[in-house]
Amino acid sequence: MAFHSSQCCRLICRTHAAKALRIVRVPAGDKLLQRGYSVTKEENQPYSEVTEAKAQPVQEVVVAHGHRRVLKDVLPFSEFLTDAFGRRHSYLRISLTEKCNLRCQYCMPEEGVKLTPRSQLLTTEEVLTLARLFVHEGVEKIRLTGGEPLIRPDVLHIIAEMRKLEGLKTIAITTNGINLARVLPGLKKAGVDLLNISLDSLVPAKFEFIVRRKGFHKVIEGIDKAVEMGYNPVKVNCVVMRGLNEDELLDFVALTEKKPLDVRFIEYMPFDGNKWNFKKMVSYAEMLDHIKQQWPNLEPLPGDETGTAKAFRVPGFKGQLGFITSMSDNFCGSCNRLRITADGNLKVCLFGNSEVSLRDFLRSGASDEELLQIIGAAVGRKKKQHAGMFNISQMKNRPMILIGG
């Protein structure tokens, strides 16, 4: 078993005593904060806090003749990716581009957004450098997002290189599906494990109204091809907005009867320029009640402890459905996600407006250890939970397209 050098000295053998939580303070005047470290106002604090993880015990069992056998060697999770509340961030979302071939109402303003100059976006090597660093520290899942990640010319190369990273278990992509059917064979060959495809309406004209572009049939073709190529489940993301598509809930659930789809209904979330309004948000409770009127035997499914979706299945259906309840019932307590924007900023919370520029630090020639100190400081400042739907709607944050989901 390969150990991280920073962890070897902390290996605890055959003990049930957890190490006490320790806070490491890094003074703002430290050289780490003087080498091209770019921060927003919220991040520029007199002290940065890095929270060290609690070491987990090695489990033992008594077998015949009183001999003890170690069941599992459990190393302390990286202190750099563990926050002050003990949340271990093993899931990284990387935005590959700010560009998109759609203009979804909930994602970007109607007038579009000002794109970051190409020179300020992460290069291929910078993306891979950060991916290697995070995976070395314990990230097991990377999701590639955008904009629309499939319009980045080197996306297959990036995936193939990430596939070589030891310890990375899952590579996922979130796509609008427009180019999916064409590039899917290449994605599968390169090593993509999971697909999330956005589809907000099953009515072509309504689809075009929501995304402000044509392409409905291309998305459907992409979903069908993903099923045909063995992806199971194929996740279909639907942002539910009152007055637009809440009348299609039952039609979406019906899709799961004969196909291995995981339809995920997402509560409408506020971001800059999407004209969020509480009255347009359809809550999880309301959606669930409506679906149960049609399928009263809808059964809940056990979820993964760090998962975001509340999962259900109609008995006898091949697929399932889920609800992403970011607004009405947050899942902050089990959050294990970090985000890197296309221009290289680390966001520790989707709804937080503080960011740290890893790009600037990389380009200043920082070592891995220095990068980890900055990452650890940002993760250590992650709040217990986001501010709630009404406060979030008043906060300044990027449009969703410039965050990467």
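Residues take numbers from 1 onward in each chain, read along the sequence in its written order. Side-chain atom pairs in this predicted model are given and counted only at pLDDT of 80 or more, local residue features only at pLDDT of at least 70, and totals for whole chains, interfaces and linings cover all residues. Water and hydrogen atoms were dropped before computing side-chain values, which therefore reflect all heavy atoms in the structure.

**Regarding the overall build of the protein chain**
Thought 1: For helices the rule is a DSSP run of H or I covering at least 4 residues; for strands it is a run of E covering at least 2, with both sets numbered from the N terminus onward. In terms of regular secondary structure, the protein chain is built from 12 helices and 17 strands.
Thought 2: A burial count over the protein chain gives 54% of its 405 residues as buried.
Thought 3: Two residues qualify as a contact provided that any one of their heavy atoms is within 4.5 Å of a heavy atom in the partner residue. Sequence-distant contacts, at least 24 apart, represent 73% of the contacts inside the protein chain between residues at least 6 apart.
Thought 4: Every accessible area reported is derived by Shrake-Rupley at a probe size of 1.4 Å, with residue values counting cover from the shown protein chains alone. In the structure as shown, the protein chain presents an accessible area of about 18700 Å², 52% of it carried by carbon and sulfur atoms. The buried label goes to any residue with under 20% of its type's maximum accessible area, the exposed label to any with over 50%, and the partly exposed label to all in between, with areas taken from a 1.4 Å probe on protein chains only.

**Remarks on the pattern of salt bridges**
Thought 1: What makes a salt bridge here is a side-chain nitrogen of Lys or Arg within 4 Å of a carboxyl oxygen of Asp or Glu, nothing more. Applying the stated criterion across every chain yields a total of 14 salt bridges.
Thought 2: Across the pair Lys 206 and Asp 247 runs a salt bridge, and its minimum N-O distance is 3.1 Å. Here Lys 206, found in helix 5 (residues 204-211), pairs with Asp 247, found in the loop between strand 10 (234-240) and helix 7 (249-254); they are 41 residues apart in sequence, far enough to count as distant.
Thought 3: Of the residues examined, Lys 206 reaches a relative accessible area of 18% and is grouped as buried.
Thought 4: A relative accessible area of 54% places Asp 247 in the exposed class.
Thought 5: Among the salt bridges present, the one from Lys 206 reaches Glu 248, with a minimum N-O distance of 3.1 Å. Of this pair, Lys 206 sits in helix 5 while Glu 248 sits in the loop between strand 10 and helix 7, and the two are 42 residues apart along the sequence.

**Side note on the packing of helix 2 (residues 124-136) against helix 3 (residues 155-162)**
Thought 1: Between N-to-C directions, angles cover 0 to 180 degrees, with each direction set by a line fitted to C-alpha atoms, over the stretch in contact for helices. One way to put it is that helix 2 packs onto helix 3 with a least axis distance of 10 Å and a crossing angle of 25°. Here helix 3 runs roughly parallel to helix 2, going by the angle between their axes. At the point where helix 2 passes helix 3, the crossing takes the right-handed sense. Residues Thr 124, Val 127, Leu 128 and Ala 131 of helix 2 form the contact with helix 3, whose participating residues are His 157, Ile 158, Glu 161 and Met 162.
Thought 2: When the residues that make up the contact of helix 2 with helix 3 are grouped by side-chain class, the tally is 5 nonpolar, 2 polar and 1 charged. Relative orientations are named as follows: roughly parallel for angles under 35 degrees, roughly antiparallel for angles over 145 degrees, roughly perpendicular for angles from 65 to 115 degrees, and oblique for any other angle. Crossing handedness is read from the near helix: turned anticlockwise from the far helix by less than a right angle, it gives a left-handed crossing, and turned clockwise, a right-handed one. Each residue receives one of three labels: charged for Asp, Glu, Lys and Arg, nonpolar for Ala, Val, Leu, Ile, Met, Phe, Trp, Tyr, Cys and Pro, and polar for the others, Gly being one of them.

**Here we look at the nonpolar core**
Thought 1: Residues Phe 134, Ile 142, Met 162 and Phe 265 are the most contacted members of the largest nonpolar core, which totals 94 residues.
Thought 2: With 7 residues, helix 2 is the largest single contributor of residues to this core.
Thought 3: Discounting residues that sit within four places of it in the chain, Ile 142 has contacts with Leu 92, Ile 94, Ala 131, Val 135, Met 162, Leu 168, Thr 170, Ile 171 and Ala 172. Each nonpolar core is a collection of buried residues, namely Ala, Val, Leu, Ile, Met, Phe, Trp, Tyr and Cys, held together in the definition by side-chain atoms within 4.5 Å.

**Section: the packing of aromatic side chains**
Thought 1: In this scheme Phe, Tyr and Trp rings, the latter by its six-membered ring, pair at centre separations within 6.5 Å, and the angle between planes marks the pair as stacked below 30 degrees, edge-to-face above 60, and tilted otherwise. Counted under the stated rule, the structure contains 6 aromatic pairs.
Thought 2: Taking 6.0 Å as the distance between ring centres and 80° as the angle between the ring planes, the aromatic pair formed by Trp 295 and Phe 317 counts as edge-to-face. Note that Trp 295 is positioned in the loop between helix 8 (284-294) and strand 12 (299-300) and Phe 317 in the loop between strand 13 (309-313) and strand 14 (320-324), a separation of 22 residues in sequence.
Thought 3: Phe 317 gets classed as buried once you look at its relative accessible area, which sits at 12%.
Thought 4: Taking 5.8 Å as the distance between ring centres and 80° as the angle between the ring planes, the aromatic pair formed by Phe 312 and Phe 323 counts as edge-to-face.

**Section: helix 5**
Thought 1: Three or more residues of helix 5 are buried, namely Lys 206, Phe 207, Ile 210 and Val 211. Taken end-on, helix 5 shows its buried residues confined to a sector of 120°, consistent with a single buried face.
Thought 2: Lining the buried residues of helix 5 we find helix 6 (216-228).
Thought 3: Remark: Arg 212 follows helix 5 within two positions and exhibits a positive phi of approximately 60°. Each direction from the helix axis to a C-beta atom contributes to the arc, which is the arc of those directions.

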